Amino acid sequence: MLMVANWKMFKTVQESQAFVRELIRRREESTLSNTTEVICPTLPALFELSQLCAGTTLHVGAQNLDLGDEGANTGAVSAYLLREAGAEYVIVGHSERRRLYGEDDTQVGEKAAQAVAAHLVPIVCVGETQSQREEGKTDEVISRQVQAALKALTASTPAIVAYEPVWAIGSGLVPDGAEANRVAGVIRDAASSGLPVLYGGSVNRKNIQEFAKAPLLDGALVGGAALDVAHWMDLTRLWEEVRG
Ligand code: PEP
């Protein structure tokens, strides 16, 4: 199973290092049997964390990429540069990027393709808003987002999709495990491949086992609860308790 921490715009470089050092120390005492852990810190901390994680079981990912390889793009960071800085994964199409920065399905697809070209594994986020859900459009929205995001990828390209209902992110609200499992099925059908599917949105130590019991889910993408090392370790342990 796969657990991804999305730290968003939280933690200084020093705080990020302290978290990872502590996690490495505690993992030496309690290893996980079957879990890949990916930490997605802020950009300034990415290189430092990739150095710290080298030779451990931890992996590092970025939260976004900009299109292009290099050029006169002030402020932009390409997939190639992220890979060079030690990232192995990159989150693409997070709903906060779609909402705050106007990213559309076409751009998300281009970013996923660019990630793959730079040998990064894209973690593509898809999810319906509250109003789309109320209008019964969840499956239509999810299928459209998945197909657009994976358009340029082949079935054998390593990629991950995270089902993140927009209304669940940071809200404390979650779908039940059966609904998350059902939507994971919609994602697999739309992707026409057996790629891993994660659930994300207000995951915490109280609800994670609900999602671990969903057979079509392969792990979780976690925001707030991934900022605390003890909480993060509880999440991975609780998932493994259910899924082994
Ligand atoms: C996220 O933003 O990807 C996320 C899952 O956040 P939270 O867990 O805080 O809802």
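Scroll up a little and you will see the structure.
Now for a look at the structure at hand.

About the criteria used
- Residues numbered from 1 in each chain as written.
- Predicted model: local features only at pLDDT ≥ 70, side-chain atom pairs only at ≥ 80, totals over all residues.
- Heavy atoms only, no water.
- Axes fitted to C-alpha atoms, helices over the stretch in contact; angles between N-to-C directions.
- Helix = DSSP H or I, 4+ residues; strand = E, 2+ residues; numbered from the N terminus.
- Parallel < 35°, antiparallel > 145°, perpendicular 65-115°, else oblique.
- Left-handed = near helix turned anticlockwise from the far one by under 90°.
- Contact = heavy atoms within 4.5 Å.
- Nonpolar A, V, L, I, M, F, W, Y, C, P; charged D, E, K, R; others polar.
- Near = heavy atom within 4 Å.
- Polar contact = N/O pair within 3.5 Å; in protein donor to acceptor, adjacent residues only side chain to side chain.
- Areas by Shrake-Rupley, 256 points an atom, 1.4 Å probe, with all protein chains shown as cover.
- Disulfide = S-S within 2.5 Å.
- Buried < 20%, exposed > 50% of the residue type's maximum accessible area, 1.4 Å probe, protein only.
- Core = buried A, V, L, I, M, F, W, Y, C linked by side-chain atoms within 4.5 Å.
- Expected span 1.5 Å × (residues − 1).
- Arc of directions from axis to C-beta.
- Phe/Tyr/Trp six-rings, centres within 6.5 Å; stacked < 30°, edge-to-face > 60°.
- Lys NZ or Arg CZ within 6 Å of the ring centre and 35° of its normal.

1. A few points about the packing of helix α1 (residues 13-29) against helix α2 (residues 43-53)
Where α1 contacts α2, the axes come no closer than 9 Å and their chain directions differ by 20°. In this view, α1 runs roughly parallel relative to α2, as classed from their interaxial angle. You can see that α1 and α2 cross each other, and the crossing is right-handed. Along the contact surface, α1 presents Val13, Ser16, Gln17, Val20, Arg21 and Ile24, while α2 presents Pro44, Ala45, Glu48, Leu49, Leu52 and Cys53. When the residues that make up the contact of α1 with α2 are grouped by side-chain class, the tally is 8 nonpolar, 2 polar and 2 charged.

2. Concerning the site of the ligand
Around the ligand lies a shell of 13 residues, among which Lys8, His94, Glu164, Gly170 and Ser202 are the nearest. Note that an oxygen atom of the ligand is positioned 2.7 Å from one of the backbone N or O atoms of Ser202. Taken by itself the ligand offers 290 Å² of open surface, and the protein chains cover 95% of this. Across the shell around the ligand, the residue classes tally to 4 nonpolar, 7 polar and 2 charged.

3. Re the state of the cysteines
Taken as a whole, this structure holds 0 disulfides when the rule is applied. Counting only cysteine sulfurs, Cys125 is the nearest neighbor of Cys40, a cysteine outside any disulfide, at a range of 9.3 Å. According to the relative accessible area criterion, Cys40 is buried, its value standing at 0%.

4. Digging into the environment of Ser95
Position of Ser95 among the secondary structure elements: in helix α4 (residues 95-101). By relative accessible area, which is 14% here, Ser95 ends up buried. A C-alpha to C-alpha distance of 10.0 Å links Ser95 and Trp167, two positions 72 residues apart in sequence.

5. A word on the environment of Asp234
Looking at the element boundaries, Asp234 is found in helix α10 (residues 229-243). The spacing of Asp234 and Asn204 is 30 residues in sequence and 8.9 Å in space, taken between C-alpha atoms. Separated by 3.2 Å, the side chains of Asp234 and Arg237 make a polar contact.

6. Side note on the nonpolar core
If you look at the biggest cluster of nonpolar residues, it comprises 66 residues, and the most contacted ones within it are Val146, Ile187, Leu217, Val222 and Trp232. If one sorts the elements of this core by residue count, helix α8 (residues 177-191) sits on top with 7 residues. Counting residues in each nonpolar core, the second largest holds 13 residues, with Leu2, Val38, Ile91 and Leu221 among its members.

7. A word on helix α7 (residues 138-150)
Look at α7: 18 Å from first C-alpha to last across 13 residues, which is about the 18 Å you get at 1.5 Å a residue. Taken together, the buried positions of α7 are occupied by Thr138, Val141, Ile142, Gln145, Val146, Ala149 and Leu150. Mapping the buried residues of α7 onto a view down its axis gives an arc of 135°, with all of them on the same face. Buried residues along α7 sit against α4, α5 (105-117), β5 (121-126), α6 (130-134), β6 (160-163) and α8.

8. What to know about the packing of aromatic side chains
Both the distance between ring centres and the angle between the ring planes are used here to describe each pair of aromatic rings. Scanning the entire structure with this criterion turns up 3 aromatic pairs. Ring centres of Trp7 and Phe19 lie 4.8 Å apart, and the angle between their planes is 75°; this geometry places the pair in the edge-to-face category. Separated by 12 residues along the polypeptide, Trp7 in the loop between β1 (2-6) and α1 and Phe19 in helix α1 bring together distant segments of the chain. For the pair Trp7 and Phe19, a shared accessibility class is recorded, and that class is buried. By way of ring pairs, the aromatic residues Tyr163, Tyr199 and Phe211 are connected into one cluster. The ring centre of Tyr101 lies 4.0 Å from the NZ or CZ of Arg97, which sits over that ring.

As far as function goes, none of this settles anything; it's purely spatial.
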